[in-house]
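Chain by chain, the residues run as shown.
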Amino acid sequence: MRTFTISFAFMLLAGTLAADAQQCVSQGLGSLGKARAEIVAGNHAQGRRWIEQAALECPTSAVVLSRIADLYEALGDIEIAKSWRERAEAQQRGTPLKFQGTAAAAPGGTPGCDQLLKDGRGWVREKYAIVVGISEFRNQSYNLRYAAKDATDFADALQNPSIGRFRADREHVRLLVNEKATVSNIRTAINDVAKDARPEDVVVMYFSSHGTAAESDVANDDAKSGYIVTHETDTSNLYGTAFPMEELRRVVEKRIRACRVVLFLDTCFSGDTARSAATAGSKMLSIGINDSTKSRIAQGVGRVVIASSRNDELSYESKQRPNSYFTLHLIEALRAKKGLADITTIFTHLQRAVPRAVMAERERKQTPVMWPEGQRIDIVIGTAVD
């Protein structure tokens, strides 16, 4: 899964704004020059990685955004190129695409959400969550220490009346851990939420497990998918026993009608390296979910994806406390403002706290990422329902 489009809004000091902006453009264009060279040489995967780097370095330059669109057109990704072209034009007009209250003036749209944005209705009718975490797999060699506890702790935070303010029942927070986290049960939970959720609602989805690389799929290249490893997953039969990320993309884009959907992925994403056994203390299997699928999930009105690590990094479990670093600090960010922090504030906390903690305890890099990038996202998970 995942190939590109990862960045976030850099907070610039006023006194260095001009210099930093120039450096941003220079760095972004430099990376795009390398991307073009790789694409011309036929190395499309490497080209996409350089595009991703440029998007991370300079998400606010109309010149850089336009060049990104050009390269996606060269790769044949016409819809993705169109999205970047719209961002470039909006940036040039001085009206960058951004989330406003309950919905986003972003390309894609979801039926009913455009009117919600137009009306400026900030209220939330109802909130639903699907929370999945697996520590104990049928194949015990996949086992993790804290993924099930991560999911349980996150679900508890959502149902806490002083934090998440979700109704404390299974209809509104569907928790699937260990042997309950099967492909069938995940699909049933999604189907139930899809039936219940309306445009005025908030839907939160959370997954804590391993992930598999698209390269591990036996399908033809244009049909390959990364997978979320479920309780019963057999890596020799991913299609039959794991949950496809492409299906998750379609669920978020098409099946769920809520105009505000937030997806948290506490898994590793290692698009470059496939490994056959778990790495101690990390959510590493034969993993890696590429950027293109996650960026497509993030398209549309009010769709947000926050992942625990970048493509070339692992996602670790804490040495000091019984949680992953990502989920530990996610819950901390939710609790800090009693659930009323917006998604951008939550992500900013994760982006600062997680790398610091992982480096201090493990001397490794782990960098949370968010799609869409470079935008202020005002969705508030802990908002009270109307």
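Scroll up a little and you will see the structure.
Residues numbered from 1 in each chain as written. Predicted model: local features only at pLDDT ≥ 70, side-chain atom pairs only at ≥ 80, totals over all residues. Heavy atoms only, no water.

Turning our eyes to something else, we now look at helix α11 (residues 325–336). Taking 1.5 Å as the rise per residue, α11 with twelve residues should run 16 Å; its terminal C-alpha atoms sit 16 Å apart, in good agreement. Of all twelve residues in α11, nine are buried, a share of seventy percent or more. Buried residues of α11: Y325, F326, T327, L328, H329, L330, I331, A333 and L334, and no others. Among the residues trailing α11, K338 stands out with phi positive, at a value near 55 degrees. (Helix = DSSP H or I, 4+ residues; strand = E, 2+ residues; numbered from the N terminus. Expected span 1.5 Å × (residues − 1). Buried < 20%, exposed > 50% of the residue type's maximum accessible area, 1.4 Å probe, protein only.)

Within the secondary structure, D77 sits in the loop between α3 (62–74) and α4 (78–93). In this structure, D77 is in contact with R48 and Y72, ignoring residues within four places of it in sequence. (Contact = heavy atoms within 4.5 Å.)

Among the nonpolar cores identified, the biggest contains 38 residues, and V131, F154, F264, I306 and I343 are the most heavily contacted of them. Counting only elements with at least two residues in this core, the list comes to β3 (127–133), α6 (147–159), β5 (202–208), β9 (260–266), β11 (303–307), α11 and α12 (343–362). Here the element with the most residues in this core is α12; it accounts for seven residues. When residues no more than four places from it in sequence are discounted, the contact partners of F154 are V131, V204, Y206, F264, L330, I331 and L334. In this structure, I186, I228, L265 and A307 belong to the second largest nonpolar core, which totals 35 residues. (Core = buried A, V, L, I, M, F, W, Y, C linked by side-chain atoms within 4.5 Å.)

Across a sheet, paired strands are connected by hydrogen bonds in the backbone, their directions being either parallel or antiparallel. Taken together, three strands build an open sheet; the order of strands is β6-β7-β8 and the sheet is antiparallel. Every other strand in the sheet has two partners, leaving β6 (211–212) and β8 (243–244) as the edge strands with one partner each. Where β6 lies against strand β7 (residues 227–228), two bridges are found, and the strand directions are antiparallel. Each bridged residue has a counterpart across the sheet, and for G211 the counterpart in β7 is I228. (Pairing = 2+ DSSP bridges.)

The sheet built from six strands is open, its strands ordered β4-β3-β5-β9-β11-β13 with mixed pairing. With partners counted over all chains shown, the strands left at the sheet margins are β4 (173–177) and β13 (369–371), one partner each. Put simply, the sheet's adjacent strands are angled 10 degrees from each other on average, direction ignored. Across five bridges, the pairing between β3 and β4 is parallel. Directly across from G133, in β4, lies its bridge partner V177. Strand contacts of helix α7 (residues 183–196): β3, β4 and β5, with the helix running at about 175 degrees to β4, the strand carrying the most contacts. Of the strands in this sheet, β9, β11 and β13 touch α12, which is tilted by about 10 degrees from β11. (Axes fitted to C-alpha atoms, helices over the stretch in contact; angles between N-to-C directions.)

This paragraph deals with the packing of aromatic side chains. The geometry of an aromatic ring pair is captured by the separation of the ring centres together with the interplanar angle, meaning the angle of the planes. Across all of its chains, the model carries three aromatic pairs by this definition. Ring geometry for F154 against Y206: centres 4.7 Å apart, planes inclined by 20 degrees, an arrangement best described as stacked. With a gap of 52 residues between them, F154 in helix α6 and Y206 in strand β5 connect regions that are remote in the sequence. For Y206, a relative accessible area of 0% gives the class buried. (Phe/Tyr/Trp six-rings, centres within 6.5 Å; stacked < 30°, edge-to-face > 60°.)

Attention shifts here to the packing of α11 against α12. For any two helices packed against each other, one specifies the crossing angle of their axes together with the interaxial distance. Running from N to C, α11 and α12 point in directions that differ by 140 degrees, and their axes come no closer than 9 Å. Relative to α12, α11 is oriented oblique. At the point where α11 passes α12, the crossing takes the right-handed sense. Between α11 and α12, the contacting residues are Y325, F326, H329, L330, E332, A333 and L334 on the first element and I346, H349, L350, A353, V354, A357, V358, E361 and R362 on the second. Its residues placed into classes, the contact of α11 with α12 shows eleven nonpolar, two polar and three charged. (Parallel < 35°, antiparallel > 145°, perpendicular 65-115°, else oblique. Left-handed = near helix turned anticlockwise from the far one by under 90°. Nonpolar A, V, L, I, M, F, W, Y, C, P; charged D, E, K, R; others polar.)

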